[in-house]
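Working through the structure, step by step
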Amino acid sequence: MLPDLLMVLAAAEATEAPADIGKMLGQLLQYGVVGLVVVLLIVGVLVPKWAMNNLIVDKDGWRAAYETERDAHQATRQQLAAAQASAEVATEQGQAMVRLLEEFGHRPQIAPRST
């Protein structure tokens, strides 16, 4: 934004001469402290208090949303780990049952596939 503004100011001053940024800054700074404040506002070094407050509120909102999402993902990971452990236990129990039945002489029967 700043380079565009300076180029427009330079184009308004003289269309045939190249842009002299130093001259434009000098014109703004000839007004002393007021000129310096204007330059710092344009460059973005100085920010109005209302803008900074809005940024802080926005930052706090994003941080709260991030922490809520992180906690939700942690709960999801814990539930997935518990489900995985439960599935592993069920698989192990099924395999133990098959081995036990095979020891008693039973053979597992495979259900016919229905198409």
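Owing to the predicted nature of the structure, the values given are computational and were not obtained by experimental measurement.

Rules and cut-offs
- Residues numbered from 1 in each chain as written.
- Predicted model: local features only at pLDDT ≥ 70, side-chain atom pairs only at ≥ 80, totals over all residues.
- Heavy atoms only, no water.
- Helix = DSSP H or I, 4+ residues; strand = E, 2+ residues; numbered from the N terminus.
- Buried < 20%, exposed > 50% of the residue type's maximum accessible area, 1.4 Å probe, protein only.
- Patch = residues over 30% accessible without salt bridge, like charges linked within 9 Å, V, L, I, M, F, W, Y side chains within 5 Å.
- Areas by Shrake-Rupley, 256 points an atom, 1.4 Å probe, with all protein chains shown as cover.
- Salt bridge = Lys/Arg side-chain N within 4 Å of Asp/Glu carboxyl O.
- pLDDT = per-residue confidence, 0-100.
- Expected span 1.5 Å × (residues − 1).

1. Some points on the overall build of the protein
Of the regular secondary structure elements, the protein holds four helices and zero strands. What you see in the protein, going N to C, is helices and strands ordered as α-α-α-α. When each of the 115 residues of the protein is scored for burial, the buried share is 5%.

2. Thoughts on a nonpolar patch on the surface
There is a patch of nonpolar side chains on the surface, built from Tyr31, Val33, Val34, Val37, Val38, Leu41, Ile42, Val43, Val45 and Leu46 and spanning about 880 Å² of accessible area. Note on placement: Val33 falls in helix H3 (residues 33–43).

3. Focus: the confidence of the model for the protein
Segments scoring low in pLDDT should not have their predicted coordinates read at a detailed level. Here the protein shows a mean pLDDT of 81. Residues at 70 or above account for 80%. By mean pLDDT, the top-scoring element of the protein is helix H4 (residues 49–103) (91), and the lowest-scoring one is helix H1 (residues 2–13) (64).

4. Digging into the pattern of salt bridges
Scanning all chains against the criterion turns up two salt bridges. Between Lys59 and Asp60 there is a salt bridge, with its nearest N and O atoms 3.4 Å apart. Between Glu92 and Arg99 there is a salt bridge; the shortest N-O distance is 4.0 Å. For Glu92, a relative accessible area of 45% gives the class partly exposed.

5. A look at H4
Residues lying three or four places apart along an α-helix face the same way, a consequence of the helix completing one turn every 3.6 residues. An ideal rise of 1.5 Å per residue puts 81 Å on 55 residues; H4 measures up with 80 Å between its terminal C-alpha atoms. Immediately downstream of H4, the backbone of Gly105 shows phi near 100 degrees, a positive value.

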